[in-house]
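# Structural overview
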Amino acid sequence: MSVPLVEARGVTRILPLTVPVRLVEDVDLAVGPGELVAITGPSGSGKSSLLYLLGILDAPTSGEILLNGEKTHAMTSDQRAALRLRGIGFVFQFHFLLPEFSVIDNVAIPMRRLGALSGREIEARSADILTRLGLADHMRKRPEQLSGGQRQRVAVARALANDPPLILADEPTGSLDSAASEQVFEILSDIAGQDGKSVIAVTHDTDMAERMDRRVHLIDGRIVSDERRRPERPTGRAPGPGAAGIPLE
Ligand SMILES: Nc1ncnc2c1ncn2[C@@H]1O[C@H](COP(=O)(O)OP(=O)(O)OP(=O)(O)O)[C@@H](O)[C@H]1O
């Protein structure tokens, strides 16, 4: 792997409570473009904590997180927010769509915040992403008019809005039935395999984890195994438009 898209180097996160809580301990992890990585482990093993650290939503107590080779430790919170907006798409177990907005307007939110495209371009791009995710007939609906699986696909579409090279998903299929889970899995798999994005997903679903390129298993905040099922994708492959690096501005 040349420069990993996201890297944790010796990352430890301790919550400074009266009795300090060790969430993540001495984690080294490097993920390259096009990799589809499962983070697994028992409940309370630190999976979500690690994902939030990789997504610079939280900061390590010691060690460092690098995005596209850039150290994030010394960045201001504004710089981190800008980096997240452009460089990282998040998908959570619960979709967190805005109920008063239409599906297409929910997908447009990150693009409007970024302010790089015109209103017409935003509308066209939102429609393209939703069409790709099989939601062309639902764009003008409100989230409440959709099934759980459709809503989660809208959440994935929103995560893709600014074409980030990194997608972080926390139990993305945790509240879905098996058919809807399969659809979301296929989409995440395509985002990695076809678009060349790095996709890291926390999951309790061992069957799904087995089908990913790589499985990182945590116990008590430590990585106890890191198994690659498929060889690393050659770095020349894939990265689609905007996926080659994370712009810092
Ligand atoms: N704010 C907090 N205060 C106290 N303990 C916390 C806090 N946040 C997390 N923890 C504890 O830290 C540990 C790791 O939590 P984390 O949510 O990362 O685990 P997880 O593997 O994602 O769990 P799950 O599979 O149940 O979602 C757990 O034991 C959790 O209870």
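Scroll up to find the structure.
Reading the values: the criteria
- Residues numbered from 1 in each chain as written.
- Predicted model: local features only at pLDDT ≥ 70, side-chain atom pairs only at ≥ 80, totals over all residues.
- Heavy atoms only, no water.
- Buried < 20%, exposed > 50% of the residue type's maximum accessible area, 1.4 Å probe, protein only.
- Helix = DSSP H or I, 4+ residues; strand = E, 2+ residues; numbered from the N terminus.
- Contact = heavy atoms within 4.5 Å.
- Phe/Tyr/Trp six-rings, centres within 6.5 Å; stacked < 30°, edge-to-face > 60°.
- Expected span 1.5 Å × (residues − 1).
- Arc of directions from axis to C-beta.
- Polar contact = N/O pair within 3.5 Å; in protein donor to acceptor, adjacent residues only side chain to side chain.

Okay, helix 3 (residues 103–114) next. Turning to helix 3, its buried residues number three or more, namely Val103, Ile104, Asn106, Val107, Ala108, Pro110 and Met111. Considering only its buried residues, helix 3 is in contact with helix 2 (77–87), helix 4 (119–132) and helix 5 (148–160). Two residues or fewer after helix 3 comes Gly115, characterised by a positive phi angle close to 70 degrees.

Each aromatic ring pair is characterised by the separation of its centres together with the angle its planes make. Inspection of every chain in the model, using the stated rule, returns two aromatic pairs. A centroid spacing of 6.1 Å and a plane angle of 5 degrees characterise the contact between Phe90 and Phe92, whose relative ring orientation is stacked. The exposure class assigned to Phe92 is partly exposed, which follows from its relative accessible area of 24%. When the centroid spacing of 5.8 Å and the interplanar angle of 75 degrees are considered together, the rings of Phe92 and Phe96 count as edge-to-face. Given a relative accessible area of 54%, Phe96 falls into the exposed group. In this structure an aromatic cluster arises from ring pairing among Phe90, Phe92 and Phe96.

Now for helix 4. Taking 1.5 Å of rise per residue, the 14 residues of helix 4 would be expected to cover 20 Å, and the 20 Å separating its terminal C-alpha atoms lies within 8% of that figure. Along helix 4, the residues that are buried comprise Ile122, Ser126, Ala127, Ile129 and Leu130. The buried residues of helix 4 occupy an angular sector of 165 degrees when the element is viewed end-on, so they sit on one face. Helix 4 presents Arg120 and Asp128 as exposed residues on the side facing more than 90 degrees away from its buried surface. Here the buried face of helix 4 lies against helix 3 and helix 5. A positive backbone phi angle near 75 degrees is found at Gly134, which sits one or two residues after helix 4.

Here the focus is the side chain of Asp195. Residue position: Asp195 is located in the loop between helix 6 (178–193) and strand 8 (198–202). There is a polar contact of 2.7 Å between the side chain of Asp195 and the side chain of Arg132.

Limitation: the analysis is restricted to geometry and does not speak to function.
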